[in-house]
Amino acid sequence: TEAIRRGISPEEASSRFAEYEGFKSGQRTVGTRQAQIEIAANVTDQFAPIAIAASEKYNRPAWKSFVDLQNLVNDKTQSPELRQFGFANLSLINAYARAINPTGVGAQQDKEHALAVLNTGFAKGDYKAAVDQLQVEIAAELKAPSKVRQQMRENFTGGTEETQNRRATDSGAHPDVQKLLDKYK
């Protein structure tokens, strides 16, 4: 086989193959997580303006204590604006919880935290500020898989992508092909 021709023992070839399979598995895991985050982030991007618009429609005073009292009264009476705001808020909370959870399934604890931060009793400006911060956190979450993928590649190939591409370009081989060839020298 090619490994024997290059003087690589069967044990070393098996070890390198197992390492390569582990690398592939890790990349697949990161890809799956990235897809989960991107889906939830896109859903959140859709729900955020809906929740902010519902917040704007719901008239409330600037003091949270008064709003809490108003919500308590409105909860016992008719208030379509409060119902729409509450439902839009819940949809946003569920999407946020999915985006920040490593499994892509919103945990109850994450939802409770988001509910405290996105409380419908907050004034309109406070609510919008909380939604804006939620979107900043999701944007940070979106960056993580790419960074992990890059770190995994650097660990596997022994250098940064730029270094590997420069070496591959200098040799005339496609960068991905050259990375594999370099690994087995």
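Here is a short report on the structure shown in this document. (Residues numbered from 1 in each chain as written. Predicted model: local features only at pLDDT ≥ 70, side-chain atom pairs only at ≥ 80, totals over all residues. Heavy atoms only, no water.)

**Side note on the overall build of the protein chain**
In step 1: Of the regular secondary structure elements, the protein chain holds eight helices and zero strands.
In step 2: Counting helices and strands in the order they occur from the N terminus, the protein chain gives α-α-α-α-α-α-α-α.
In step 3: Summarising the internal contacts of the protein chain: among those between residues at least 6 apart in sequence, 67% fall at separations of at least 24.
In step 4: Element-wise, carbon and sulfur atoms account for 57% of the exposed surface of the protein chain, whose accessible area totals about 11200 Å². (Helix = DSSP H or I, 4+ residues; strand = E, 2+ residues; numbered from the N terminus. Contact = heavy atoms within 4.5 Å. Areas by Shrake-Rupley, 256 points an atom, 1.4 Å probe, with all protein chains shown as cover.)

**As for the side chain of Ser55**
In step 1: Tracing the backbone shows Ser55 in helix H2 (residues 10-57).
In step 2: With sequence-adjacent residues up to four places away left out, Ser55 is seen in contact with Arg60, Phe85, Lys124 and Tyr127.

**Description of the nonpolar core**
In step 1: Of all hydrophobic cores here, the largest spans 21 residues; its most connected members are Leu92, Leu118, Tyr127, Val131, Leu134 and Ile138.
In step 2: Within the residue set of this core, elements represented by two or more residues are H2, helix H4 (80-100) and helix H6 (124-157).
In step 3: With seven residues, the single largest contributor to this core is H4.
In step 4: Among all residues touching Leu118, those that are not within four sequence positions of it are Asn89, Leu92, Ile93, Tyr127, Ala130, Val131 and Leu134. (Core = buried A, V, L, I, M, F, W, Y, C linked by side-chain atoms within 4.5 Å. Buried < 20%, exposed > 50% of the residue type's maximum accessible area, 1.4 Å probe, protein only.)

**Overview of the side chain of Thr157**
In step 1: Residue position: Thr157 is located in helix H6.
In step 2: Given the relative accessible area of 19%, Thr157 is considered buried.
In step 3: Within polar-contact distance, the side chain of Thr157 engages the backbone oxygen of Arg153 at 2.7 Å. (Polar contact = N/O pair within 3.5 Å; in protein donor to acceptor, adjacent residues only side chain to side chain.)

**Examining the pattern of salt bridges**
In step 1: For the structure shown, the criterion picks out four salt bridges.
In step 2: The closest approach of N and O atoms between Arg16 and Glu12, which form a salt bridge, is 2.9 Å. Highlighted residues: Arg16 and Glu12, both in helix H2, separated by four residues, approximately one helical turn.
In step 3: According to the relative accessible area criterion, Arg16 is buried, its value standing at 14%.
In step 4: A relative accessible area of 35% places Glu12 in the partly exposed class.
In step 5: Ionic pairing is found between Arg33 and Glu141, a salt bridge with its closest N-O pair at 3.1 Å. With Arg33 in helix H2 and Glu141 in helix H6, the pair connects residues that are 108 residues apart, well separated along the chain. (Salt bridge = Lys/Arg side-chain N within 4 Å of Asp/Glu carboxyl O.)

**Topic: the packing of H2 against H6**
In step 1: At a minimum axis distance of 10 Å, the contact between H2 and H6 shows a crossing angle of 170 degrees. Between H2 and H6, the angle is such that the two are roughly antiparallel. Regarding H2 and H6, the two cross each other, and that crossing is left-handed.
In step 2: Tallied by class, the residues present in the contact of H2 with H6 amount to 17 nonpolar, eight polar and 10 charged. (Axes fitted to C-alpha atoms, helices over the stretch in contact; angles between N-to-C directions. Parallel < 35°, antiparallel > 145°, perpendicular 65-115°, else oblique. Left-handed = near helix turned anticlockwise from the far one by under 90°. Nonpolar A, V, L, I, M, F, W, Y, C, P; charged D, E, K, R; others polar.)

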